[in-house]
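Okay, here's what each chain looks like letter by letter:
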Amino acid sequence: MSTREAPGPAASRADPPATRGEPPLEPAPGSESGHGRLRQLAKSPLGRYGLAVLSTAVALLIQFALGPLIHPTPFLLFVSAVVLSGWWGGGGPGLLAVGLSMLAVDYFFLPPVRSFSLETGPAVSLTLFALVGAVITRVNVSLRRTNAERARLLERERLARREAEAEWGRLQDLFMHAPAQIALFRGPEHVYILSNPLNNASLGQRQVLGKPVREALPELVDQGIITLLDRVYTTGEPFMGHEHSVTIAGPDGTEREFFLNFVYQPTRDGQGRIDGVASFAFDVTSSVRARQQAEALARELQRGEERYRTFVSKSTEGIYRIDPTPPIPVSLPKEEQIQRMFRDSRIVECNDAMARMYGIDSAAELQGTRLDHVLVPEDPRNTEFLRAFIQSGYRIENAESREVARDGTPRAFLNNMVGIVQDGLLLGAWGTQRDVTQQRRAEEELRRAEANSRFLSEASAALASSLDYESTLRNVARLAVPTLADWCLVDLVQPDGTLQRMETVSSSPEDAGLLQEVRQLGMAQQVDLRSPAAQALMSGRSVLLSNVTPELIRQSARSEEHAQLMLRIGVLSFILVPLVVRGRALGLLSFFTSHSGRSYTDGDLELLEDLARRAALSVENARLYRDAQEAIRLRDEFLSIASHELKTPLTPLSLKLHMLARTARQQPDSPFRKAVEDYITVGSRQVKKLSELVSDLLDVARIGGGRLRLELEEMELGALVREVVARHEPEAARSGSTLVLEGQASVSGRWDRLRLEQVITNLVDNAIKYGAGKPIRLWLEADAGRAILRVKDEGIGIAPESLSRIFERFERAVSDRHYGGLGLGLYITRTIVEAMGGTIQVESTLGQGATFTVVLPRSPREAAPPPSAS
C-alpha cells in the first residue's frame, strides 16, 4: 500500500519551460476549487515569469528595508526569490530570477554601489551566486518533475484500486452466474474462498468456504487432485485437465463419478507472488459416457464387416440403422427434430430378424422404408419415445415404441438406440429392438384377470349379502352391467319347467322402453327346444356367439315378436350361462352387447361361467336356507306341541302323588308308610325335574318362534331373591351346601316377576348342582340406574375354553353322564336378561368355582325382543 508525502521545499514541484516539454504543476485532488486560478496562472508564461520578476522585486524591497540588519548577506533574500521562482515557474523563471537578482545586487549592494562595474571580490560573489542559483533552479525543476510524476502515479494507483474493486465485484458476479464450475483457493493449504452454485451442486452442497480442500473433500487426496493443486501453486504453471475422472461422495454417502474439463490457474498478489489457485471446470460426464458407449459400439462394429454380418444375421433381436436425409441440426427445437425424424428418416440397414418382426421375409424389403410408415406418429407414446431419445443426449435404453406390421397389426417393441452426432448434426442412429407384443398382451391379460378377480369378489360379496336369492340375483345383474354387458337377463326354472324372468337390466337410459318390452315378453311359456336358451338349459353348458347376425336372430327367435325385439336392441354378441348345481339347471343368465360394439371372447365366457357358478351356489344355498328355516319352524312347533302334551299328564300325576302322601300320613301305624313316603318324595322330585325340563323346552320353542313375551311391573328384587333362596335351602342342604344372601336388602325396579324368578332359580340351581357341597353366596346391590346380582359358588368351576359357549343353546361345560340336563338353563337365562335390557357374565377358574353377574336396568324403556334360536 503506497503513501502520499506532503510537498515541501525539498519535494517542491515545478514545471519546466514549455519548450522543454516539462509537465505543468498539478495540484493534489480536491484542491481545484481553491487553486484553480493559481493553476491557470502557473500554466501561463506571463504568470510564471511575472512571479520571477515579482519575487525578485519583493526580495529587493525587503533587502532595502532590512539592509542595516542583513547588510553582510545581501544574497539571502534573493536566493529565496530564486527558489520560489524556480519551484513555481520552472527553469526559465528561475534563471530569470537569478539574472535579475545579480543585477539588483550588483547595482544596489556591491561596491561600487549604483554601478554595474565590478571589483574582483564582488565579481566572484556574483559568479558564485549565479552558480548557486542555477543549481537551485535545476534542483527545483527536478523535484517539481518528480513530485508531479509521483502525484500522477498516486492518482493512477487510486483509480486503479477503485477500478480493481469494481472489476472484482463484476468478476465475482460473473463467477457466481457463470455456466461453469468455478472455485478460488488461497494459500498453500488451498483454502476455499469462492465456490459458485454449479460447483456447490457438483460437491453435493457441502459447506466448503473457509476450509482447506483436504478437509472439505478428503476423497480427492487419493485421486491426485491435491497434488495437481500443489504443483500449480508451487511452480506457477497452469494445468489443463481433459475429461478427468473425479469421484465425489454424496450427502447420503453414495459415491458419484463424473468427468471434468478443467483449468487450474495460479493467482498472484500485487507483488506478483503466487497466493492461490483458480479452478474453472465444465461437467462433460454425459458426453463422455455417451461417447464411451458410442466408441465401444464403434469398436465392436469395426472388428470386421464379415463378423458383423454374421452376428447380425444370427441375432434374434432386430438390428437397424436409420439415417435422416438431410442430417438434422441438434440445435433445432425438440419438436421440430421429432417431426423431421418421422418425415426424413429411413431404415437404411437392418437384419432379417427385424424384417420378420414386421411380417416381411427379408431385410432388403424393409430397407428404404420411411420411419413414419412403421412408427405411428399419431401414437403419443412414439412421440415421447423420440423426445426422450433427444433429451438423453441421443441415446436411449429399453424405450417402448408402438408400430405396425405389414398386415396392419399393431406391434410393441423395446428399443435401444444410439445417435451419431457430428459437427452439431444428427447423422443417423444405430439401434436394436425386441418384440414384446406377446408380453404386453400377457400383461393386459393379467390386468384383465385382476379386474375380473375384483369383479368376482364384488359379485361374491353381493351374493353373500342376502339369503333372499331373488334380490341377490338382481344385484348380480346390475353389477354385470355395464362392466361385462350392455344387457343382462335373469330367468329361473319354475317347478312346472317354465322360465320366469326375475330381472332385466340395460346400461343405456335410452333403452327404458325396450327394457319394459323385454321384461313383459319374458320366457314364461315353454321354451323352444331349438333356441340357444333351451340348448343351454338342457345341456347345462354355456352358449357363446361372438358375432350375431340378423339372420341368426330370426332363426333362433321364439317368435316374430321376439326376433323384432332383438333386432331393435341391436344385439351384436351374447353369452347364455345356465345356473347349474349338482347337475340340475336352476335358471339362466343371459348377457348381450349392443351399442358398446364389444364382441365376447372365450375369456369373457370363462369369467361369466365363474359368475354363474357362484350365483347358482348362492341360489341353492338360499333355497337350502329356506328349507332349513321351514324345518326349524316345524321343529319349534313340534317342541311347543310336545311340551304342552308332556305337561298334560304331569299335572294329574303330581296330584296323585300328593293324594298318596296324604293317605300315607293318615295311616301312621302302617308298616309301609315310611317306604311309601320315600317313594313319594323321590317321585315328586322327578316330576318337578321333568316339569322344569318340559318348561325349558317350551321356552326354547317360544324363543325360537319369537313368542317370548315380558310383562313388566314394579317389584322388589330383594324379596324375590329371598323367596327363591328359602325355596332352595332344602335342596342345597341335601347337597351339603348353604345359601348366604348378602348386600342390600331392598332393590326395586320395573321387571317381569315370573321371568326374573326363572333367572334367579336357574342360577341357584346351577350353583347347587356344581357347587361341590360348598357355601353359595348371593350378593345383591344397586346404583342409580342398575340392579346387580352375583351368584358365587366354590365348586368345580368352568374351563376357559368353555366360558364363551355355556350361554348357548344345548351347550354344556361338563359331561351329561355325571350331571344330566339339556344345557338350556343358562341359554334361557341369558335370553331373558337380554330381553329386559341387561347383561350376564361369568368369571371362573377351573377347580375354584364360578361367579355369575347379572346387571339389569332398573327402569327398562321397553322389553327387547328375544334373539332368534335359528
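Residues numbered from 1 in each chain as written. Predicted model: local features only at pLDDT ≥ 70, side-chain atom pairs only at ≥ 80, totals over all residues. Heavy atoms only, no water.

Caption draft 1: Summary view of the overall build of the chain. Helix and strand counts for the chain stand at 26 helices and 23 strands. For the chain, the residues scored as buried account for 41% of the 870 residues in total. Across the chain, every contact between residues at least 6 apart in sequence was considered, and the portion connecting residues at least 24 apart equals 61%. When the accessible surface of the chain is totalled, it reaches about 46,900 Å², and 56% of it is carbon and sulfur. (Helix = DSSP H or I, 4+ residues; strand = E, 2+ residues; numbered from the N terminus. Buried < 20%, exposed > 50% of the residue type's maximum accessible area, 1.4 Å probe, protein only. Contact = heavy atoms within 4.5 Å. Areas by Shrake-Rupley, 256 points an atom, 1.4 Å probe, with all protein chains shown as cover.)

Caption draft 2: Highlighting the side chain of Gln337. As for its position among the elements, Gln337 is in helix α11 (residues 334–344). Relative accessible area serves as the criterion here: at 1%, Gln337 is assigned to the buried category. Within the structure, Gln337 has its side chain in polar contact with the backbone oxygen of Leu332 (distance 2.8 Å). (Polar contact = N/O pair within 3.5 Å; in protein donor to acceptor, adjacent residues only side chain to side chain.)

Caption draft 3: Main features of the nonpolar core. Among the nonpolar cores identified, the biggest contains 41 residues, and Leu717, Trp751, Leu756, Ile760, Leu763, Leu778 and Phe852 are the most heavily contacted of them. For this core, the elements supplying multiple residues, two or more each, are α23 (717–735), α24 (753–770), β20 (776–782), β21 (786–793), α26 (825–835), β22 (839–844) and β23 (850–857). No other element matches α24, which puts 7 residues into this core. Within the second largest apolar cluster, 34 residues are counted, among which are Val476, Val481, Leu605 and Ala616. (Core = buried A, V, L, I, M, F, W, Y, C linked by side-chain atoms within 4.5 Å.)

Caption draft 4: Main features of the side chain of Asn196. One can find Asn196 in the loop between β2 (191–195) and α6 (197–202). In this structure, Asn196 is in contact with Phe175, Met176, Ala178, Ala180, Gln181 and Ile182, ignoring residues within four places of it in sequence.

Caption draft 5: Structural detail: the environment of Met240. Tracing the sequence through the fold places Met240 in strand β3 (residues 239–249). Linking Met240 and Tyr264, residues 24 residues apart in sequence, is a C-alpha distance of 6.4 Å. The contact partners of Met240, leaving out residues within four places of it in the chain, are Phe262 and Val263.

Caption draft 6: Spatial organisation of the packing of aromatic side chains. Tallied over the entire structure, the rule returns 7 aromatic pairs. Among the aromatic side chains, those forming a connected cluster through ring pairs are Phe239, Phe262 and Tyr264. (Phe/Tyr/Trp six-rings, centres within 6.5 Å; stacked < 30°, edge-to-face > 60°.)

Caption draft 7: Region of interest: helix α17 (residues 512–521). Listing the buried residues of α17 in full gives Leu514, Leu515, Val518 and Leu521. For α17, the arc enclosing every buried residue in end-on projection is 130°, short of the 170-degree limit, so these residues lie on one face. Where α17 is buried, its residues meet β12 (487–493), β13 (499–506) and α20 (560–569). (Arc of directions from axis to C-beta.)

Caption draft 8: Quick peek at the packing of helix α3 (residues 75–89) against helix α5 (residues 120–177). With their axes 8 Å apart at the nearest point, α3 and α5 run at an angle of 30° to one another. Taken as axis vectors, α3 and α5 run roughly parallel relative to one another. Along this stretch, α3 crosses α5, giving a crossing that reads as right-handed. Contacts between α3 and α5 involve Phe75, Phe78, Val79, Val82, Val83, Gly86, Trp87 and Trp88 from the first element and Ser125, Leu126, Phe129, Gly133, Ile136, Thr137, Asn140 and Arg144 from the second. (Axes fitted to C-alpha atoms, helices over the stretch in contact; angles between N-to-C directions. Parallel < 35°, antiparallel > 145°, perpendicular 65-115°, else oblique. Left-handed = near helix turned anticlockwise from the far one by under 90°.)

Caption draft 9: Expanded view of the sheet that holds strand β15 (residues 573–581). Judged by pairing direction, the sheet is antiparallel, and its 5 strands sit side by side in the order β13-β12-β16-β15-β14 without closing on themselves. Because the sheet does not close on itself, it has two edges, and the strands there are β13 and β14 (543–545). Put simply, the sheet's adjacent strands are angled 15° from each other on average, direction ignored. Looking at chain direction, β15 and strand β16 (residues 584–593) are connected through 9 bridges and run antiparallel. Bridge assignment links Leu576 to a residue of β16, and that residue is Ser590. Running over the sheet, helix α16 (residues 469–480) touches β12, β13 and β16 and is turned about 35° from β13. (Pairing = 2+ DSSP bridges.)

Caption draft 10: Here's a closer look at a nonpolar patch on the surface. On the surface, a cluster of nonpolar side chains totalling about 440 Å² of accessible area is made up of Leu54, Val58, Ile62, Leu66 and Leu69. Structurally, the position occupied by Ile62 is in helix α2 (residues 45–70). Ile62 gets classed as partly exposed once you look at its relative accessible area, which sits at 33%. (Patch = residues over 30% accessible without salt bridge, like charges linked within 9 Å, V, L, I, M, F, W, Y side chains within 5 Å. Salt bridge = Lys/Arg side-chain N within 4 Å of Asp/Glu carboxyl O.)

Caption draft 11: Layout of the environment of Arg858. With respect to the element layout, Arg858 can be found in the segment after β23. For the pair Arg858 and Trp751, spaced 107 residues apart in sequence, the C-alpha to C-alpha distance is 7.7 Å. Discounting residues that sit within four places of it in the chain, Arg858 has contacts with Val747, Ser748, Gly749, Arg750, Trp751, Ala782, Asp783, Ala784, Gly785, Arg786 and Ala787. A distance of 3.1 Å separates a polar side-chain atom of Arg858 from the backbone oxygen of Ser748.

Caption draft 12: Main features of the sheet that holds β22. Sheet architecture is open: 5 strands sit in the order β18-β20-β21-β23-β22, paired in mixed fashion. At either end of the open sheet lies a strand with only one pairing partner, and these are β18 (739–743) and β22. With direction set aside, neighbouring strand axes in the sheet form an average angle of 15°. Examined bridge by bridge, β21 and β23 share 8 bridges and lie antiparallel to one another. Residue pairing across strands places Ala787 opposite Leu856, the latter belonging to β23. In this fold α23 packs onto β18, β20 and β21, with an angle of close to 160° to the strand it touches most, β18.

Caption draft 13: Geometry of the confidence of the model for the chain. In the predicted model, the chain carries a mean pLDDT of 79, and 82% of its residues have values of at least 70. Counted against residues more than four places away or in other chains, residues 1–34, with its pLDDT under 50, gives 74 contacts. (pLDDT = per-residue confidence, 0-100.)

Caption draft 14: Inspection of the packing of α23 against α24 at higher detail. Look at α23 against α24: their axes get within 10 Å of each other, and the N-to-C directions meet at 30°. Comparing their axes, α24 and α23 come out roughly parallel. The element α23 and its partner α24 pack so that their crossing is right-handed. Residues Leu717, Leu720, Val721, Glu723, Val724, Arg727, His728, Glu731, Ala732 and Ser735 of α23 lie in contact with α24, whose contacting residues are Arg753, Leu756, Glu757, Ile760, Thr761, Val764, Asp765 and Ile768.

Caption draft 15: Region of interest: the pattern of salt bridges. Going through the model one piece at a time under the given rule, you end up with 38 salt bridges. Residue Asp344 is joined to Arg343 by a salt bridge in which the shortest nitrogen-to-oxygen separation is 3.2 Å. Residue Asp344 is classed as buried on the basis of its relative accessible area, which comes to 15%. By relative accessible area, which is 42% here, Arg343 ends up partly exposed. One salt-bridge network, held together by shared partners, links Glu400, Arg402, Arg440 and Glu443.

Caption draft 16: Quick peek at α23. The end-to-end C-alpha distance of α23 is 26 Å, a good match for the 27 Å that 19 residues give at a rise of 1.5 Å each. By the burial criterion, the buried members of α23 are Leu717, Gly718, Leu720, Val721, Val724, Val725, His728 and Ala732. Backbone nitrogen of Gly718 and a side-chain oxygen of the N-cap are separated by 3.0 Å at the start of α23; the cap is Glu716. (Expected span 1.5 Å × (residues − 1).)

Caption draft 17: Summary view of unusual backbone geometry. The omega angle of the peptide bond from Thr325 to Pro326 is 0°, so this bond is cis rather than trans. With respect to the secondary-structure elements, Pro326 resides in the loop between β6 (318–324) and β7 (328–329). Along the chain, Val481 connects to Pro482 via a cis peptide bond; the corresponding omega equals 5°. Mapped onto the elements, Pro482 comes out in the loop between α16 and β12. The phi torsion at His190 lies on the positive side, around 60°, for a residue other than glycine. Relative to the assigned elements, His190 resides in the loop between β1 (181–186) and β2.

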